[in-house]
Amino acid sequence: MSKYQARLRENLLTKFSNKILLLGLLSCTSLTHAQLSLSPTGRDKEIFGYSFVEKQSFSSTKSYLYESIDDVIRVKLIQAKSDDKADSYIKDKLAIFKSIFEAKRVDYPGQHSKVIECPAEYVPQFSEKLVKGGKLSYFIGFANKNQVTGICASDLLYYKHFYGFLYCKESSLVYEIEDFSSLKSGNLDVLIGAISCGG
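As the structure is a computational prediction, the values presented were derived from the model and not from experiment. (Residues numbered from 1 in each chain as written. Predicted model: local features only at pLDDT ≥ 70, side-chain atom pairs only at ≥ 80, totals over all residues. Heavy atoms only, no water.)

Visitor: Go over the pairing of strand β9 (residues 159-168) with me, naming the residues and quoting the values.
Guide: Of all the 10 residues making up β9, 9 are buried; the element is thus mostly covered by neighbouring parts of the structure. Pairing between strand β8 (residues 134-143) and β9: 10 bridges, direction antiparallel. Looking across to β9, one finds that Ser137 is bridged to Phe165. Taken together, β9 and the strand that follows it, strand β10 (residues 173-182), pair antiparallel across an intervening segment of 4 residues, in which Ser172 is found at a positive phi of about 55°. (Buried < 20%, exposed > 50% of the residue type's maximum accessible area, 1.4 Å probe, protein only. Helix = DSSP H or I, 4+ residues; strand = E, 2+ residues; numbered from the N terminus. Pairing = 2+ DSSP bridges.)

Visitor: Tell me what's going on with the state of the cysteines, and back it up with residues and numbers.
Guide: The tally for this structure, following the rule as stated, stands at 2 disulfides. Put simply, Cys118 and Cys152 are joined by a disulfide, and their sulfur atoms are 1.9 Å apart. Torsion about the S-S bond of the Cys118 and Cys152 cystine: about -115°, corresponding to left-handed handedness. Residue Cys118 is found in the loop between β6 (115-116) and β7 (125-131), and its partner Cys152 is found in the loop between β8 and β9; the two are separated by 34 residues along the sequence. When its relative accessible area of 11% is taken as the criterion, Cys118 is described as buried. (Disulfide = S-S within 2.5 Å.)

Visitor: Go over the nonpolar core with me, naming the residues and quoting the values.
Guide: Ranked by internal contacts, the top residues of the largest apolar core, which has 22 residues, are Phe48, Val75, Leu166, Tyr175 and Ile177. Of all the elements in the fold, those that place two or more residues in this core are β2 (50-55), β3 (62-67), β4 (71-79), β8, β9, β10 and α3 (187-194). Not counting residues up to four positions away in its chain, the partners in contact with Leu166 are Phe48, Val131, Gly134, Lys135, Leu136, Leu173, Val174, Tyr175, Ile177, Ile195, Ser196 and Cys197. Ile78, Ala80, Phe101 and Phe139 belong to the second largest nonpolar core, which has 14 residues in total. (Core = buried A, V, L, I, M, F, W, Y, C linked by side-chain atoms within 4.5 Å. Contact = heavy atoms within 4.5 Å.)

Visitor: So what's going on with the pattern of salt bridges? Residues and values would help.
Guide: A complete count under the given rule lists 5 salt bridges for this structure. With a closest N to O distance of 3.3 Å, Lys91 and Asp87 form a salt bridge. Remark: Asp87 and Lys91 occur in helix α2 (residues 83-99); sequence separation between them is 4 residues, near one turn of the helix. By relative accessible area, which is 38% here, Asp87 ends up partly exposed. One salt bridge in this structure joins Glu128 and Lys135, with 3.2 Å as the shortest N-O distance. For Glu128, a relative accessible area of 44% translates into the label partly exposed. (Salt bridge = Lys/Arg side-chain N within 4 Å of Asp/Glu carboxyl O.)

Visitor: Quick rundown of the confidence of the model for the protein? Include the residues and the values.
Guide: Of all residues in the protein, 77% have pLDDT values of 70 or greater, and the mean over the chain is 80. Averaged pLDDT values for the elements of the protein fall to 40 in helix α1 (residues 3-38) and rise to 96 in β9. Confidence drops under pLDDT 50 across residues 12-39; counting only partners more than four residues distant or on other chains, this segment forms 7 contacts. (pLDDT = per-residue confidence, 0-100.)

Visitor: Now, about the side chain of Asp71: what can you tell me, with residues and values included?
Guide: In this fold, Asp71 is placed in strand β4. This buried residue, Asp71, is left without a salt bridge; Lys160 holds the nearest opposite charge, at 11 Å. Here the side chain of Asp71 touches Asn187 through a polar contact of 3.0 Å, side chain to side chain. (Lys, Arg positive; Asp, Glu negative; His and termini not counted. Polar contact = N/O pair within 3.5 Å; in protein donor to acceptor, adjacent residues only side chain to side chain.)

Quick look at the structure:
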């Protein structure tokens, strides 16, 4: 083997082993991050009569998860600095959610299509109601098997989807609530009935 071939071999081995080491470190780092952000803390919390598991979070927002055969409920608790800030936050979030389902102009209008819109039967319905200690504002619509909202075709429907906010004035807490329940179960009505600032 010539000096040139030996040096080339050594360079290739060094570069190759550095890449393997770097890939190993990156994969371990991403796995560790994924485990940290998704792993439960082991603490349970009773919310609305359901036993939630607290999820680890790197912010002041507390996140909770409840899972059963027919339901997946996620709750985030956000501390509001004032009633106005809470109201503004909720209105902004609901407006963004609603905008997903509004008619959109097509980039290249054709003879028959000038807008894209979801058929009326799949557009989430908005409701508000006063509950013990606060006000609940929410949408009820549909989601697919991957828990993605914005489903506008019957063959993709898998869950009934609830997305809403409860503001409890006394504790200055905003509850961001998302529920994916089986289309055939009546669990969503039970959840809506259970939501209150006392729970």
